[in-house]
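Chains, contacts and geometry: an overview
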Amino acid sequence: MTDGVAPYPTLTGLGAKRLTEGPWRVAVAGAGGWMGLAALEELHGLLGDGFHRRVVCFGSNRRRLALRGGLVAEQRPLSELARLPAAPTLVLHLAFLTQEKAGLIPRRDYIAVNRAISDLVLEALSPIGAEGVFVASSGAVELAKRPGADPNKALYGALKLEDEARFGAWAVERGRRAVIARIFGLSGPYINKLDSYAFSSFIADVLTDRPIAVRAAKPVFRSYVAIDELMSVVFGLLTDGAVGTTLFDTAGKRGYEMGEIARGVARALGHARGVVRPPMGPAKADRYVGDGTLYASLRRRLEVESVGFPRQVRETAKFMAPFAPFV
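Residues numbered from 1 in each chain as written. Predicted model: local features only at pLDDT ≥ 70, side-chain atom pairs only at ≥ 80, totals over all residues. Heavy atoms only, no water.

**Observations concerning the overall build of the protein chain**
Broken down by element type, the protein chain carries 11 helices and 15 strands. Structurally, the protein chain occupies a C-alpha span of about 60 × 45 × 40 Å along its principal axes. Within the span of the protein chain, comprising 327 residues, buried residues form 52% of the whole. Taking the contacts inside the protein chain whose residues are at least 6 apart along the sequence as the reference set, 80% of them involve residues at least 24 apart. On the protein chain, the mean spot of the 43 positive side-chain charges and the mean spot of the 32 negative ones are 2 Å from each other. (Helix = DSSP H or I, 4+ residues; strand = E, 2+ residues; numbered from the N terminus. Buried < 20%, exposed > 50% of the residue type's maximum accessible area, 1.4 Å probe, protein only. Contact = heavy atoms within 4.5 Å. Lys, Arg positive; Asp, Glu negative; His and termini not counted. Charge placed at Lys NZ, Arg CZ, Asp CG, Glu CD.)

What follows is the structure in C-alpha cells.
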C-alpha cells in the first residue's frame, strides 16, 4: 500500500488473516469511544458481510453507533456482556472513564465506577468462552507513584495498573491470552476531544487555514502510532495460540518534539501558513513517549504494515475535515 489515505483503514498482517479464517467472535466493550469505533470500522473492512454476525458491541447504554460509509452497529449495555452464549471469543476491553473525568466527579466515585466496569468485563470472560482479552492500558501508569504527578492522571494510571494485574492474572490462571498495551499516543479516525490533544489541534489549525499554534514553552516529546496498526498487532497476538500475558508500550520509532510534530503536520497536509510558538523557557522537558522496542519487534514478527507519520496525519485529517470549522 502507498503512503496515501485508504478509504477505510483496516487490519493487516497475520492477525488479520487468522481472524478472517478463524472461529472467533469479537466482543467490543466500550464500543462507542475512539478506539471502539475505529476497531469496529477496521473489523468491518476485514470481515465485510460477516461483521454483524461476528462482532458484538457493548457500552454504557443501548444505542445505535453510526460510522462512516453508512455502517451502523447496535450497542448493548455492558451489563449484558455476560449473557452472550458461550463461543470462542476475543474481547476488547476499551471501557473506562478517562482521566479528564477524574477531575469532574468525586475520587471515590471515579474509582468505584471504573472498578465496576472492569468487574463486568472480567467476570464475563470465562462464561462467554473468551480465549483472549485486549486491555487498553495507558502510559499514565508511569505516573501512578511519581512524586508531583498530576493527581488525576496518577489516579487514572493507578487504576489502569489494577486492570493490567487483574486481566493478566485471569490469563495465567485460566491458560488464556491477555494482550495489554500501554498507550502513549494514537492517531487515526474517530479521534475525539479534539482540543485536548496537540496532534489534533495542529490538524485543526490546518483545516481552518491558520498558522499551527504550538503552545508549549518548553521541550515536549510525544510519539504516535496509527490505531489500525496497533489493532493489527493486538489481533496478531490474540490469535497466535500462546497463553499468558504480553504487555508492551505503544510508541513510534522515536519521540518527536512538538515543533517537529507541527512541521510534520504542515508538510503532510501541504500547509503554508507556518508554525507559531512562544519563546522557550528553562522548564524541564516533558517526555511521554514509551519504549517502542518490543512493539516494533512484535509488529515485524506479525507482518503488520507500518503506518508512517504523514499517512497518520492525512488519515486523521480526513476524519476531522467534516467537523470544521473548529472552535
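**What about the sheet that holds strand β15 (residues 286–288)?**
Strand pairing in a sheet relies on backbone hydrogen bonds, with the paired strands running either antiparallel or parallel. Read from one edge to the other, the open sheet built from three strands follows the order β13-β10-β15, with strand pairing classed as mixed. Looking at which strands have only one partner, the edges of the open sheet turn out to be β13 (256–257) and β15. Two strands pair when backbone bridges link them, and strand β10 (residues 220–222) and β13 are joined in this way by two bridges, in the antiparallel orientation. Bridging across to β13, Phe 221 finds its partner in Glu 257. (Pairing = 2+ DSSP bridges.)

**Considerations on the packing of aromatic side chains**
We describe a pair of aromatic rings using the distance from one ring centre to the other and the angle between the two ring planes. According to the stated counting rule, one finds 10 aromatic pairs in the structure shown. Taking the centre distance of 5.8 Å and the plane angle of 55 degrees together, the rings of Trp 34 and Tyr 197 count as tilted. Of the two residues, Trp 34 is situated in helix α2 (residues 34–47) and Tyr 197 in the loop between β8 (186–187) and α7 (198–207); the sequence distance between them amounts to 163 residues. Classification of Tyr 197 by relative accessible area gives partly exposed; the value is 28%. (Phe/Tyr/Trp six-rings, centres within 6.5 Å; stacked < 30°, edge-to-face > 60°.)

**Side note on unusual backbone geometry**
Residue Pro 325 follows Ala 324 across a cis peptide bond; omega there is 0 degrees. Its location among the elements puts Pro 325 in the segment after α11 (309–320). Although it is not a glycine, Tyr 190 adopts a positive phi angle of roughly 75 degrees. Relative to the assigned elements, Tyr 190 resides in the loop between β8 and α7. For Tyr 190, a relative accessible area of 7% corresponds to the buried category.

**Describing the sheet that holds strand β1 (residues 25–29)**
Sheet architecture is open: eight strands sit in the order β3-β4-β2-β1-β5-β6-β7-β12, paired in mixed fashion. The open sheet is flanked by β3 (63–66) and β12 (244–249), the only strands paired with a single partner. Across the sheet, the mean angle separating the axes of adjacent strands is 25 degrees when strand polarity is ignored. Here four bridges tie β1 to strand β2 (residues 55–59), and the two strands are oriented parallel to one another. Following the sheet pairing, Ala 27 is matched in β2 by Val 56. Each of β1, β5 (89–93) and β6 (130–138) touches helix α5 (residues 107–128); the most contacted strand, β5, lies at about 175 degrees to it. (Axes fitted to C-alpha atoms, helices over the stretch in contact; angles between N-to-C directions.)

**A few points about the side chain of Asp 228**
Looking at the element boundaries, Asp 228 is found in helix α8 (residues 227–238). Assessed through its relative accessible area of 4%, Asp 228 is described here as buried. Discounting residues that sit within four places of it in the chain, Asp 228 has contacts with Pro 9, Thr 10, Leu 11, Glu 42, Val 307, Arg 311 and Glu 315.

**Let's talk about the pattern of salt bridges**
Across all of its chains, the model carries 18 salt bridges by this definition. Put simply, Glu 41 and Arg 68 hold a salt bridge, and the shortest N to O gap is 2.6 Å. One end of the pair, Glu 41, is in helix α2; the other, Arg 68, is in the loop between β3 and β4 (72–77), with 27 residues separating them in the sequence. On the accessibility criterion, Glu 41 (4% relative accessible area) is buried. The partner of Glu 100 in a salt bridge is Lys 193, and the shortest N-O contact between them spans 3.0 Å. Placement of Glu 100 in helix α4 (residues 99–102) and of Lys 193 in the loop between β8 and α7 is noted, with a sequence separation of 93 residues between them. The exposure class of Glu 100 is partly exposed, given its relative accessible area of 33%. (Salt bridge = Lys/Arg side-chain N within 4 Å of Asp/Glu carboxyl O.)

**Notes on α11**
Side chains of residues three or four places apart in an α-helix project in the same direction, reflecting 3.6 residues per turn. The end-to-end C-alpha separation of α11 is 16 Å, in line with the 16 Å expected for 12 residues at 1.5 Å each. Across the 12 residues that make up α11, a large majority, nine, are buried. Residues Phe 309, Arg 311, Gln 312, Val 313, Glu 315, Thr 316, Ala 317, Phe 319 and Met 320 constitute the buried set of α11. For α11, the elements touching its buried residues are β8, α7, β11 (225–226), α8 and α9 (258–269). (Expected span 1.5 Å × (residues − 1).)

**With respect to α2**
In this model α2 runs 20 Å from its N-terminal to its C-terminal C-alpha over 14 residues, within 8% of the 20 Å that 1.5 Å per residue would give. The element α2 is largely enclosed, with a buried count of 11 among its 14 residues. When α2 is considered as a whole, its buried residues turn out to be Trp 34, Met 35, Gly 36, Leu 37, Ala 38, Ala 39, Leu 40, Glu 41, Glu 42, Leu 43 and Leu 47.

**Section: the pairing of β4**
The two faces of a sheet get side chains in turn, since along a regular strand they alternate between them. Sheet analysis places β2 next to β4, joined by three bridges and oriented parallel. Residue pairing for β4: Cys 57 is matched across the bridge by Gln 75. Pairing of β3 with β4 involves four bridges; the strand directions are antiparallel. If you follow Ala 66 over to β4, its bridge partner there is Val 72.

Fair warning: the whole summary comes from geometry, so function is off the table for now.
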